[in-house]
Amino acid sequence: MKHTISILVENNAGVLARISGLFARRGFNIHSLAVGVTDDEKVSRVTIVANGDDYTLEQIEKQLNKLIDVIKVRTVKPDELLERELILVKVNCTAQQRHELISIAKITQAKISDISVDSMTLELSDNQPQLENFQELLRPYGIKEIVRTGTIAIQTGSASLRI
Amino acid sequence: MAKETITVAAAMVKALEKENIKHIFGYPGAAICPFFDELLRSEIKSILVRHEVNGGHSAGAYARITGKPAVCIATSGPGATNLITAIASAHMDSIPIVAITGQVVSGLVGRDAFQEADITGACEPFVKHSFLVKNADSIGEVIKKAFYIAGTGRPGPVLIDVPMDIQKQEIEFEYPESVEIRSYKPSFTGNKLQIKKAAEALKKSSKPLICAGGGVIAAGAGNELKTLSEMCDIPVISTMMGIGAISTSHKSYFGMLGVFGVRTAKLALKECDLLIALGARMSDRSVTDSSVFDGTTVIHIDVDPAEIGKNAPVNIPIVGDVKRITEQFTEELAPMRHEEWQAALRRSKQANAEKAAEELRGRNGSYVNPKSFIKALCGVLPSKCVICSDVGSNQIWAANNVELTDEGRFITSGGMGTMGYALPAAVGAKTADGSAEVVALCGDGSFQMCFMELATAVQHNINVKVVVFVNNYLGMVRELQDNNYGGRRTMVDLSGSPDYLKIAEAYGIGGETVTSDHQAESAVKRMAESVKPYLLQVMVDSNERSLLE
């Protein structure tokens, strides 16, 4: 089962290595990992999507909590999860195809971030299924390059993960 | 105290003094020279070991005796990597050490400089925490945090890596009085509701059992364990790390459990209806088949929440300091008796003792029986003794035959099973407490991994006693090959090994060879009376086993 784990950490050197090392050596599979600073520059927030049964999840949480630089760990319940991933796709695009791609961008609420004589780069932030769908829509044009970030997640409603 | 302008190296020494460090175990090298140069001016005694790993083991045993973090020092690169096995051993057994390593100058870090190793990276899986000091001004805070982290909660090793140029830098220094780490708040007191629940469960139990682990010793909870066991008439078994948590001669103690444990302890675990796992992580060595817990109510008391539910199922978890929780737990209870249950275990213990005596009578008399030798040794040693056991068959003989009072200690590498541990551990234990009689029990395999430390003992007048059980085999692996590999023995024959008495003599250490059981007692007496290091070479039948069945 897939779990989305949010971790608040001290923004110290090596903290990401400690976390990823922990996952690797205890045999926990990381699906995706995203990290960025929070409103407090001393604190970073890591979002990890990982696979595992309940025992594995419990161990992941406990082992993460043992790392000195880890301040808080929370696994967000699937029904309270607001997830986003960002994708950048560079596709082949002739002058004749531009209108089609512009309409795809409109429907999917993607942004056109760059354009050249024979290519177009589109940008979309959404949840995973929507990104998969978006990718499929663009595939017929010839995808030149794709880059995706890891998932970031926040809990819906007024509850918040803070120190 | 006002701030003073000193070098980081001098600040490191001052910090260790503030932490009340009396001895350090170390080995020098270019990258740690600024620190050692400053240490010359301190009252702290530096003990030069003969290999960095042994410095780590000595510090570990020192910490186990004092109950406080102890310090080992190495230089960069190979000095630091040599420490890894000792750090990993300390990590497995929850031993508080602070390891300090020199690092190449900051500007060269990451360029594969001479004797550069990413030691914080390499040690990451084996430390409770580590610091690479990049900012000279942080040294005081780093050392304060290191000692705090190593010694509190579940104890463990902390590594501090300090580049050489940083050691030489001048700073305004004042050692912090206190430390605050917002992300590190170990639980101390146990949850009251859980403790009440545990007490209710115990009241309903007719066959309760306590399994004492290394956590009891780490928390200094021996007396609390004894009080609980006596007041509620609960039998006690132990893990290997828990040996000595309660006197081995206590009427309610039934020995070590696990693969190499004694029959009665295994029987107790199988038959009990309620188990109190007290500072015991119930590792794969202790419990091979988790079906023994079927129908058993498990109360797991541990300082580390991650251990709860990891290896054994749990019904009532209680997280916090084992000493404090055992006190709290006892307060909830009234005296109770479990006479039938205790009597059944005593009958089993008695039957096994008779069986062992029977086996002893029918054995080859031209060798020393290591099991009766260990009993004879413990009979002669003062009650305040430290038995440092190595790893292999000798460890199992020691674990199952050692006799300790409340003052005695059994020190071994439990989780990691690190060979070559006993002698450096004895050096550390004796340094920590000169008033205890300290004996290293080694096999001929493990002794050959660490006997260079005889020089450390001689150089620093550390009066350790050494027993080498000689059977010219790596006995435990040989036994494994005999049992599981059709008797195909390979890589276990120790032919070519030296005469260990001559080795001792080469270091100026006296000793003697023991070839039969009746010589044992007098030889042990001469060893115990010696005011200098002494070595007994004990000839053991190569067919002597460690498994009981």
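Note: the structure precedes this text.
Attention in this report is confined to the structure presented alongside it. This structure is a prediction, so every number in the text was calculated from the model and none was measured.

1. Here's the deal with the overall build of chain B
What chain B contains, in helices and strands, is 22 helices and 20 strands. In terms of C-alpha radius of gyration, chain B reaches 24 Å, essentially the compact-globule figure of 24 Å for 549 residues. Along the longest, intermediate and shortest principal axes, the C-alpha atoms of chain B span 70 × 60 × 45 Å. Taken across its 549 residues, chain B has 57% of its residues classed as buried. Here the contacts in chain B between residues at least 6 apart in sequence split such that 76% fall between residues at least 24 apart. Approximately 21800 Å² of chain B is accessible, and the part contributed by carbon and sulfur atoms is 51%. With 55 positive and 62 negative side-chain charges, chain B shows a separation of 4 Å between the mean positions of the two kinds.

2. Focus: the sheet that holds strand E3 (residues 45-48) of chain B
Residues and elements named next belong to chain B. Strand order across the open sheet formed by 6 strands is E3-E2-E4-E5-E7-E6, with parallel pairing between neighbours. Looking at the sheet topology across the chains shown, the edges are occupied by E3 and strand E6 (129-132). Sheet twist, expressed as the average angle between the axes of neighbouring strands with direction ignored, equals 20°. Here strand E2 (residues 23-26) pairs with E3 via 4 bridges, running parallel. If you follow Gly-26 over to E3, its bridge partner there is Leu-48.

3. Focus: the pattern of salt bridges
Within the structure shown, the criterion is met by 33 salt bridges over all chains. In this structure, Arg148(A) and Glu85(A) form a salt bridge, with 2.9 Å as the shortest nitrogen-oxygen distance. Here Arg148(A), found in strand E8 (residues 143-148), pairs with Glu85(A), found in strand E5 (residues 81-92); they are 63 residues apart in sequence, far enough to count as distant. The class for Arg148(A) is partly exposed, based on a relative accessible area of 28%. Asp406(B) is the partner of Lys226(B) in a salt bridge, and the nearest nitrogen-oxygen pair spans 3.2 Å. Taken together, the residues Lys226(B) in helix H11 (residues 222-231) and Asp406(B) in the loop between helix H16 (393-401) and strand E16 (409-412) connect sequence positions 180 residues apart.

4. A short note on the interface of chain B and chain A
Across the boundary between the two partners, chain B contributes 18 residues, which contact 20 residues of chain A. The contact between chain B and chain A buries some 1500 Å² in all, and 46% of this surface belongs to carbon and sulfur atoms. On the chain B side of the interface with chain A, the three residues burying the most area are Glu124(B), Arg182(B) and Ser183(B), jointly 39% of the side's total. Inspection of the chain B/chain A interface yields 3 salt bridges.

5. Some remarks on the nonpolar core
All names here are of chain B. The biggest cluster of nonpolar side chains holds 62 residues, and the ones touching the most others in it are Phe-373 and Leu-536. Broken down by element, this core gets its largest block of residues, 5 residues, from helix H9 (residues 192-204). Among residues more than four places away in sequence, those in contact with Leu-536 are Phe-373, Val-466, Val-467, Val-468, Glu-512, Val-514, Ala-523, Val-524 and Met-527.

6. A word on the side chain of Thr330(B)
All names here are of chain B. Counting through the fold element by element, Thr-330 comes out in helix H13 (residues 322-331). Judged by relative accessible area, Thr-330 falls into the buried class, the value being 13%. Sequence-distant contacts of Thr-330, that is, excluding residues within four places in its chain, are made with Thr-227, Leu-228 and Met-231.

7. Topic: the packing of aromatic side chains
To describe a pair of aromatic rings, one takes the distance between the centres and the angle between the planes. All names here are of chain B. Counting across every chain of the model gives 9 aromatic pairs over all chains. Seen in terms of ring centroids, Tyr-148 and Tyr-184 are 5.6 Å apart; in terms of plane orientation they differ by 85°. Their pairing is edge-to-face. Taken together, the residues Tyr-148 in helix H7 (residues 139-151) and Tyr-184 in the loop between strand E8 (170-173) and H9 connect sequence positions 36 residues apart. For Tyr-184, a relative accessible area of 9% puts it in the buried group. Three or more aromatic residues joined by ring pairs make a cluster, and in this case those are Phe-373, Trp-397 and Phe-469. Here the basic side chain of Arg-489 rests over the ring of Tyr-473, its NZ or CZ set 5.3 Å away from the ring centre.

Calculation rules
- Residues numbered from 1 in each chain as written.
- Chains lettered and ligands numbered in written order.
- Predicted model: local features only at pLDDT ≥ 70, side-chain atom pairs only at ≥ 80, totals over all residues.
- Heavy atoms only, no water.
- Helix = DSSP H or I, 4+ residues; strand = E, 2+ residues; numbered from the N terminus.
- Rg over C-alpha atoms; globule rule 2.2 N^0.38 Å.
- Buried < 20%, exposed > 50% of the residue type's maximum accessible area, 1.4 Å probe, protein only.
- Contact = heavy atoms within 4.5 Å.
- Areas by Shrake-Rupley, 256 points an atom, 1.4 Å probe, with all protein chains shown as cover.
- Lys, Arg positive; Asp, Glu negative; His and termini not counted.
- Charge placed at Lys NZ, Arg CZ, Asp CG, Glu CD.
- Pairing = 2+ DSSP bridges.
- Axes fitted to C-alpha atoms, helices over the stretch in contact; angles between N-to-C directions.
- Salt bridge = Lys/Arg side-chain N within 4 Å of Asp/Glu carboxyl O.
- Buried area = accessible area lost by both parts, 1.4 Å probe.
- Core = buried A, V, L, I, M, F, W, Y, C linked by side-chain atoms within 4.5 Å.
- Phe/Tyr/Trp six-rings, centres within 6.5 Å; stacked < 30°, edge-to-face > 60°.
- Lys NZ or Arg CZ within 6 Å of the ring centre and 35° of its normal.

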